[in-house]
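These are the residues of each chain, in order.
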Amino acid sequence: MKTNLQNESPKSSLNNQNNIVAKIGLFFAKIAERWLPDAFVFAVLLTVITFLGGMFITDKSPVDMAIYWGDGFWGLLTFTAQIITTFIMSYALALTKPVSKTLESIAGICKTPTSAILLVTFTSLFASLISWAFGLVVAGIIAKLVAKKVRDVDYRVLVAAGYSGFVIWEGGLSSSPALFVATKDHVFQDKIGIIPTSETLFSPLNLAIVIITFFTLPFIMKLVHPKRKEDRFIIDQKLLEDKIEVDTKDSETNYLNDKLEKSRLITVFGGLLGLSYLINHFVKNGFSLDLNTVNLIFLTFALLLYGNVRDLGKGILKASGSVGQFALQYPFYAGIMGMMGASGLALWISDLFTDISTSNTLPLFTFWAAGLLNMFIPSGGGQWAVQAPMVIPAALEMGVNPAKVVMAVAWGDAWTNMIQPFWAIPLLAIAGLKIRDIMGFTVITLVYTGIIISVCMYIF
């Protein structure tokens, strides 16, 4: 989609110069604009790098690497369907009248570019702590709503601020590794047992990272926003209008089918059915979450909040228009994951960091290794499956609490998403931008949060 960003060029004043952070952000933005390819091209390039890495680093033949790629290509098909469902359901929930009105009310608070950046970042951080998918959806929607209210805000930085809030998701309630080891009968239970979320998500380590990031990152993103108006990109207001419209008029007939489609009883019944299942699930299993449970939560509340099945259908249709790239790209990342695992390349990368680790530095080096691996395997669950067989034995041998390396892998997975375009796809589809428009600015988030997480990994 063309962004048609308009560049304003009023005279700048001496007291309205960009600070050093904004200058760095604009520098990386120019690099990204000129050199960063489309997200799908990025996935193909990573496939080539992994293929060659397997050949030259682990001495696998081209035929072997091709087989590993093909074996893994559809290996994440179930997971792909799950994350697509998660995004569609969370987006549909965000489009319900109660949630939409809440977001519009929040957006109405903004009067200046500074307040716009702060609000979008805080909102995205909060939503991402609830769920990664909800965070991405809310970030995209709130950025568009705020841009309508504050017309002189740099729209690229605004959307980048929304995506930056996504960096916190692995420290929140949908953290894949943390939920995995808290689940009964997980594959590593014989080695580390069941690790409750009190030792991972609610540990001093994780709480410190979450709290520091939550209350400081919005102000870092505020510094990224250019003060000089000639450096800002102002979005054409026409592009902020919703593009997916359902051209369906309510029927004027009084037939039974029309009454059923417009009846609130149908959606309420479905919602209550889902709610009863969820209550029973949590009573029996405690606070146990997986993707299927999260998806049912979103669907249940969507059913309860939509007026009827017609409105629900329109919301689902609108949400579905933003996930096509998932279906296209995730098989390629599954292929990369297959090559990384079967060739031993992922193990080789983990070994590089583990071999130089001590009991004090293992969580830190595990975090860095996870950040590197995330570039090739942008999936919290998938990355944990690849990296855990190496870091768990290392932690046990060095006497390191396994919960720490669990969160090290989790945060590494979230951290380099700031320069990995895959998860930005749905947010950008909502916002109407391309990856090259925002990723120069999210480099600042990468550096800043990398420092915070690294320090916490070392001292806790």
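Throughout this document, residue positions are counted from 1 along each chain, in the order its sequence is written. Reporting of local features is limited, given that this is a predicted model, to residues whose pLDDT is at least 70; pairs of side-chain atoms are given and counted only at 80 or more, and all residues count toward the totals for whole chains, interfaces and linings. Each side-chain value is worked out from all heavy atoms of the structure, with water and hydrogens disregarded.

**Section: empty space enclosed by the protein**
Here a cavity means grid points, on a 1 Å grid over the protein atoms only, where a 1.4 Å probe fits yet cannot get out; a pocket means an open set of points with protein on both sides within 12 Å along at least five of seven lines; lining residues are those with an atom within 4 Å of a point. Grid points are joined across faces, edges and corners, and a volume is the space filled by probe spheres set on the points. Throughout the structure, instances matching the rule amount to one cavity of 30 Å³ or more. The space that makes up the largest cavity amounts to roughly 30 Å³. Lining of the largest cavity is provided by Ser 350, Phe 353, Thr 354, Ser 357, Leu 362, Phe 365, Thr 366, Ala 369, Gln 387 and Val 391. Only DSSP runs of H or I with at least four residues qualify as helices, and only runs of E with at least two residues qualify as strands; both kinds are numbered from the N terminus onward. Elements represented by at least two residues in the lining of the largest cavity include exactly α17 (345-354), α18 (362-374) and α19 (380-398). The leading source of residues in the lining of the largest cavity is α18, at four residues. Looking at side-chain class alone, the lining of the largest cavity contains five nonpolar, five polar and no charged residues. Here the nonpolar group is Ala, Val, Leu, Ile, Met, Phe, Trp, Tyr, Cys and Pro; Asp, Glu, Lys and Arg are the charged ones; every other residue, Gly included, is treated as polar.

**Structural notes on the pattern of salt bridges**
Counted as salt bridges are all cases of a side-chain nitrogen of Lys or Arg within 4 Å of a carboxyl oxygen of Asp or Glu. Counted by the stated rule, this structure contains four salt bridges. As a salt-bridge pair, Glu 230 and Arg 228 come within 3.5 Å of each other at their nearest N and O atoms. The class of Arg 228 is partly exposed, set by a relative accessible area of 23%. Because the salt bridges share partners, they merge into one network encompassing Arg 228, Glu 230 and Asp 231. Partly exposed residues are those whose accessible area sits between 20% and 50% of the maximum for their type, while under 20% is buried and over 50% is exposed, using a 1.4 Å probe and protein chains only.

**Considering the nonpolar core**
In globular proteins that are soluble, nonpolar side chains generally tend to be buried together. Grouped together as the largest cluster of nonpolar side chains are 138 residues, with contacts concentrated most on Val 146, Leu 158, Tyr 163 and Trp 423. If one sorts the elements of this core by residue count, helix α7 (residues 132-149) sits on top with 13 residues. Sequence-distant contacts of Trp 423, that is, excluding residues within four places in its chain, are made with Ile 83, Trp 132, Leu 136, Tyr 163, Phe 166, Phe 326, Tyr 330, Pro 378 and Asn 417. Ala 92, Ala 302, Tyr 306 and Leu 312 belong to the second largest nonpolar core, which has five residues in total. Only buried Ala, Val, Leu, Ile, Met, Phe, Trp, Tyr and Cys residues count toward a nonpolar core, and they belong to the same one when joined by side-chain atoms within 4.5 Å. Working rule for contacts: check all heavy atoms of both residues, and any pair within 4.5 Å makes them a contact.

**Remarks on the packing of aromatic side chains**
Pairing of aromatic rings covers Phe, Tyr and Trp, the last counted by its six-membered ring, and requires centre-to-centre distances within 6.5 Å; plane angles under 30 degrees mean stacked, over 60 mean edge-to-face, and any other angle means tilted. Tallying each qualifying case throughout the model produces 24 aromatic pairs. Their ring planes at 45° and their centres at 6.5 Å tell us that Phe 166 and Trp 423 sit as a pair that is tilted. With Phe 166 in the loop between α8 (155-164) and α9 (176-181) and Trp 423 in the loop between α20 (402-415) and α21 (424-431), this pair connects stretches of sequence that are 257 residues apart. For the pair shown, Phe 166 and Trp 423 are each scored as buried. Through pairs of rings, three or more aromatic residues link up here, namely Trp 132, Tyr 163, Phe 166, Trp 169, Tyr 330, Tyr 333, Phe 422 and Trp 423.

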